[in-house]
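Coordinate inspection notes
The primary structure of each chain is shown beneath.
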Amino acid sequence: MSLVKLSASVLAIATAFSTAAAARDNVQVAGSSTVLPYASIVAEAFGENFDFPTPVVESGGSSAGLKRFCEGVGENTIDIANASRRIRDGEIEACAAAGVTDIIEVRIGYDGIVFASDIDGARYAFTPSDWYRALAAEIPGEDGALAANANARWSDVNPDLPDQAILAFIPGTKHGTREVFEEKVILAGCAESGALEAMLAAGMAENDAESKCMAIRTDGVSTDIDGDYTETLARIDANKEGIGVFGLAFYENNTDKLQVATMSGVTPSTETIASGDYPVSRPLYFYVKKAHIGVIPGLKEYAEFFVADEIAGPDGPLAAYGLVSDPELSATQQAVAEEKAMAGSM
């Protein structure tokens, strides 16, 4: 039975690509808005230095990019999905169901999530607990019972913070940055404040308690941004008291417009992320459809070029833009060279 299934799968891939060479000769990429500027830098350099067309790189968010990636194999599907988080088990299963059974995971480096406001506005020094108490839909009251969050000003959350209205612009749910924000800031703040422990002590199941911690209020204090960081920047430009969630690289390329807050006493930078001192950082990835290698011209060459020392290393253009180089980059280079599919996707 397995041989029949394998033959059918191979036949499906061959059929999907029967006219690919004539129909498409450029690499197509979509996904994370955080990875977008890095991928755009690489795509432009690739087009200038190789005898292949410049890859087409689109944004849309990690979840949206991975959804497109998992639509199947063939010329009408993308070759690479960029992501600011790891692919989920459910996404791997969705890929497999559509015939995408060999996925190469490529970690390109690290980035930090930062909290920035208008350059001429008030200065902020945050903790995860501050953000939990500002944005959680429900927080413990004086009696310890959960109640609707009524905090309206940052000084309500923490008297040491500026007396300004809470107005937050956070990544929408289709962005990988949102998941990291919820887990490393909101959930961490829930734990830091003692609220998570109180929920568990009251008999709430751990998963339910964590979900309660990460539920974001919907009363207008927090606004989801479904576009990229340029939209968040525009919102802050129009609302001078607003605070936005950005990737470190975007902030560092807009320091003429934005000032950054500390988190738990640490200022975000490539140095504090590389050292592990800054608490809100994450690895960045892209995922390659192995079935497209050897069929879409330049696909493997693009992946190898992306993680080359000259590009993704500490002295390369991606580091110059703000990427924190991966200390295990050589292992990633080897995995790409060997076309090693990630466990569970085969």
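What counts as what
- As a convention, each chain's residues are numbered from 1 in the sequence order in which they are written.
- Residues qualify for local features only when their pLDDT is at least 70, as the model is predicted, and side-chain atom pairs are given and counted only at 80 or more; totals for whole chains, interfaces and linings, by contrast, use all residues.
- Hydrogens and water molecules were not included; the side-chain quantities draw on all heavy atoms of the structure.
- Convention adopted: a line fitted to C-alpha atoms gives each axis, helices being fitted over their contacting stretch, and angles between N-to-C directions are expressed from 0 to 180 degrees.
- Numbering goes from the N terminus for both helices and strands, where a helix is a DSSP run of H or I of at least four residues and a strand is a run of E of at least two.
- Orientation categories follow fixed angle ranges, with anything under 35 degrees roughly parallel, anything over 145 roughly antiparallel, 65 to 115 roughly perpendicular, and all other angles oblique.
- Only heavy atoms matter for contacts: two residues are in contact if any of them lie within 4.5 Å across the pair.
- Residues are grouped as follows: Ala, Val, Leu, Ile, Met, Phe, Trp, Tyr, Cys and Pro are nonpolar; Asp, Glu, Lys and Arg are charged; every other residue, Gly included, is polar.
- To form a nonpolar core, buried Ala, Val, Leu, Ile, Met, Phe, Trp, Tyr and Cys residues must be joined to one another through side-chain atoms within 4.5 Å.
- Per-residue accessibility, obtained with a 1.4 Å probe over protein chains only, is compared with the maximum for each type, and a residue is labelled buried under 20%, exposed over 50%, and partly exposed between these values.
- Whether two strands pair comes down to DSSP finding at least two bridges between them.

Another point: the packing of helix α6 (residues 128-135) against helix α8 (residues 176-193). Interaxial distance between α6 and α8 falls to 7 Å at its minimum, and their mutual angle equals 95 degrees. Considering the angle they form, α6 stands roughly perpendicular to α8. Facing P128, S129, W131, Y132 and L135 of α6, the residues of α8 in contact are F181, V185, I186, A188, G189, C190, E192 and S193. A breakdown of the residues in the contact of α6 with α8 according to their chemical character gives 9 nonpolar, 3 polar and 1 charged.

Below, the discussion takes up the nonpolar core. F115, F126, W131, L135, W154, F181 and F246 are the most contacted members of the largest nonpolar core, which totals 52 residues. With 6 residues, the top contributor of residues to this core is α8. For F246, the contacting residues outside a window of four places in its chain are G112, I113, V114, A116, Y229, T232, L233, I236 and L258. The next biggest cluster of nonpolar side chains, apart from the first, holds 31 residues, and it includes A43, V288, Y302 and A303.

Its identity is not glycine, yet S264 carries a phi of approximately 55 degrees, on the positive side. Taking relative accessible area as the criterion, S264 reaches 41% and is therefore assigned partly exposed. At E339, a position not held by glycine, the phi torsion is positive, near 55 degrees. Residue placement: E339 occurs in the segment after α17 (329-337).

We now examine the pairing of strand β3 (residues 80-83). Side chains I80 and N82 of β3 all project onto a buried face; the interleaved residues A81 and A83 project onto the opposite face, where all are buried too. The pairing of strand β1 (residues 28-31) with β3 spans 3 bridges and is parallel. Following the sheet pairing, V29 is matched in β3 by I80. Bridge analysis of β3 against strand β13 (residues 281-289) gives 4 bridges, and the strand direction is antiparallel. Pairing of I80 across the sheet is with V288, part of β13.

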